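Architecture and fold: a report
Read off the chains here:
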Amino acid sequence: MKRRIKISIALALSVVLVSLMSSDSTVNGQSGQGSDHAWGIFVTPGPEQMLRITVVNTDRNRNANVRFGRQSYTQEMCNADGVCKLVSALPNISAPITLMPSEAASFDISPNNAFAVRGVVLSNRPNVRVTAMIMNTTTGKIDAFFDIFTE
């Protein structure tokens, strides 16, 4: 079961990375364990920056169960072409949170000396809106904003 989850998250992440290259970054994938939809983002925050992921249940008639995931990566070696290998720590997935219609939840990911971080949202409903922002931890300013999923 864990292998299936890892493969599903890796597949969703691959789709995310490709979709972030275009202007519309919608991603849907299988996540396993009763969650039918997964959205994610992979970023390299700068010094004094963190990643904040926010989810809003846009379904007006149903509750949505969501879970947040985090994974940190360190950089190992780079080859002559500039391709660098990243090594990941064990992923951390939160307990499910139930969002009633129009409710929201957010999750902060600090890099803690990591080269890159990955944030993932898993939900049993497609009608959630997922956004992410990179925030300056000193000033509180938003340095970047990503609309990961739009209906």
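**What about the confidence of the model for the protein chain?**
On average, residues of the protein chain carry a pLDDT of 78, and 75% of them reach 70 or more. Averaged pLDDT values for the elements of the protein chain fall to 40 in helix H1 (residues 2–19) and rise to 96 in strand E6 (residues 97–99). The low-confidence segment residues 1–33, where pLDDT is below 50, has 47 contacts with residues more than four positions distant or belonging to other chains.

**Remarks on the side chain of Asn-136**
Counting through the fold element by element, Asn-136 comes out in strand E9 (residues 128–136). The exposure class of Asn-136 is buried, given its relative accessible area of 16%. A polar contact of 2.7 Å, which involves the side chain of Asn-136, links it to the backbone nitrogen of Thr-138. With residues up to four places along the chain from it excluded, the contact list for Asn-136 reads Glu-48, Lys-141 and Asp-143.

**Points about the pairing of strand E1 (residues 37–43)**
The element E1 is extensively covered by neighbouring structure, given that six of its seven residues are classed as buried. Sheet topology note: the E1/strand E8 (residues 116–123) ladder contains seven bridges and is antiparallel. Its bridge partner lying in E8, Trp-39 is registered against Val-121.

Reading guide: rules and limits
Residues numbered from 1 in each chain as written. Predicted model: local features only at pLDDT ≥ 70, side-chain atom pairs only at ≥ 80, totals over all residues. Heavy atoms only, no water. pLDDT = per-residue confidence, 0-100. Helix = DSSP H or I, 4+ residues; strand = E, 2+ residues; numbered from the N terminus. Contact = heavy atoms within 4.5 Å. Buried < 20%, exposed > 50% of the residue type's maximum accessible area, 1.4 Å probe, protein only. Polar contact = N/O pair within 3.5 Å; in protein donor to acceptor, adjacent residues only side chain to side chain. Pairing = 2+ DSSP bridges.

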